[in-house]
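Chains, contacts and geometry: an overview
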Amino acid sequence: MNDYGKGCILHTSFSIFLVLLALLTHPYYVANGAYPFEEITVLEISELFCWVMVCLLVIGTLYCLGFLISGICCYVVYFVQRAWYLHKLRKPERVYTGDPL
C-alpha cells in the first residue's frame, strides 16, 4: 500500500475516534450542563496524569516487547535459512579410486 492509502486510513480512523469521543462526552454535557473538564481540580489532574502514565507505560512495554520479539524472529529465520543454504551447498565427498563402476 502506498503512502496515500495509509494516510487515508489514518485520517478516517482518527475521524471515527473523534466522533466516538464526542458521543461519549455528550451525555456528561446533557447531565451536568457543562463538559466534565471545565471544573477540574488539581487532584483530578494528578489522578488523570497517573492513569495516562500507566497506560503509556503499558503501551511502551508492549511496543518494546513486540520490537524485540520481531527482531529475534527475523534473526532466527535468517540464520536458519543461511544454515539450510550452506547445508545444500555441501556436496558429498567422492573417493576416486580409478576403478570403473
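This text follows the structure it describes.
About the cut-offs
- Residue numbers here run from 1 along each chain, matching the order of that chain's written sequence.
- Reporting of local features is limited, given that this is a predicted model, to residues whose pLDDT is at least 70; pairs of side-chain atoms are given and counted only at 80 or more, and all residues count toward the totals for whole chains, interfaces and linings.
- The side-chain figures draw on all heavy atoms in the structure; neither hydrogens nor water molecules are used.
- Helix numbers and strand numbers start at the N terminus; a helix is a DSSP run of H or I with at least 4 residues, a strand a run of E with at least 2.
- Under the scheme applied here, a residue whose accessible area is under 20% of the maximum for its type counts as buried, over 50% as exposed, and between as partly exposed, the area being computed with a 1.4 Å probe on protein chains only.
- Only the protein chains shown count as cover for residues, with accessible areas throughout obtained via the Shrake-Rupley method and a probe of 1.4 Å.
- Only rings of Phe, Tyr and Trp enter the pairing, Trp through its six-membered ring, and a pair is recorded when the two centres are within 6.5 Å. The plane angle decides the type: under 30 degrees is stacked, over 60 is edge-to-face, the rest tilted.
- Patch rule: a residue counts if its relative accessible area is over 30% and it has no salt bridge; like charges are joined within 9 Å, and nonpolar side chains (Val, Leu, Ile, Met, Phe, Trp, Tyr) within 5 Å.
- What makes a salt bridge here is a side-chain nitrogen of Lys or Arg within 4 Å of a carboxyl oxygen of Asp or Glu, nothing more.
- By convention in this document, the label disulfide applies to cysteine sulfur atom pairs within 2.5 Å.

1. Observations concerning the overall build of the protein chain
In terms of regular secondary structure, the protein chain is built from two helices and zero strands. Evaluated residue by residue, the protein chain yields a buried proportion of 3% over its 101 residues. For the protein chain, the accessible surface area stands at approximately 10100 Å², while carbon and sulfur atoms represent 73% of it.

2. Points about the packing of aromatic side chains
Taken as a whole and assessed by the stated rule, the structure comprises three aromatic pairs. Look at Tyr75 and Phe79: their rings are 6.4 Å apart centre to centre, the planes differ by 25°, and that puts the pair in the stacked class. Pair noted here: Tyr75 and Phe79 are both in helix α2 (residues 42-89), with a separation of four residues, about one helical turn. Phe79 carries the same exposure label as Tyr75, and that label is exposed.

3. Points about a nonpolar patch on the surface
Together, Trp51, Val54, Val58, Leu62, Leu65, Leu68, Ile69, Ile72, Val76 and Val80 give the surface a local cluster of nonpolar side chains, amounting to about 970 Å² of exposed area. Relative to the helices and strands, Ile72 resides in helix α2. Residue classification places Ile72 among the partly exposed residues on the basis of a relative accessible area of 47%.

4. Looking at the state of the cysteines
A covalent bond between the sulfur atoms of two cysteines is referred to as a disulfide. Considering all chains together, one arrives at zero disulfides under this definition. Among the cysteines around Cys50, which has no disulfide bond, Cys55 carries the closest sulfur, lying 9.6 Å off. Cys50 sits in the partly exposed class, given a relative accessible area of 43%. The structure places no disulfide on Cys74, whose sulfur is separated from the nearest cysteine sulfur, that of Cys73, by 7.1 Å.

Nothing here speaks to function; it is all geometry.
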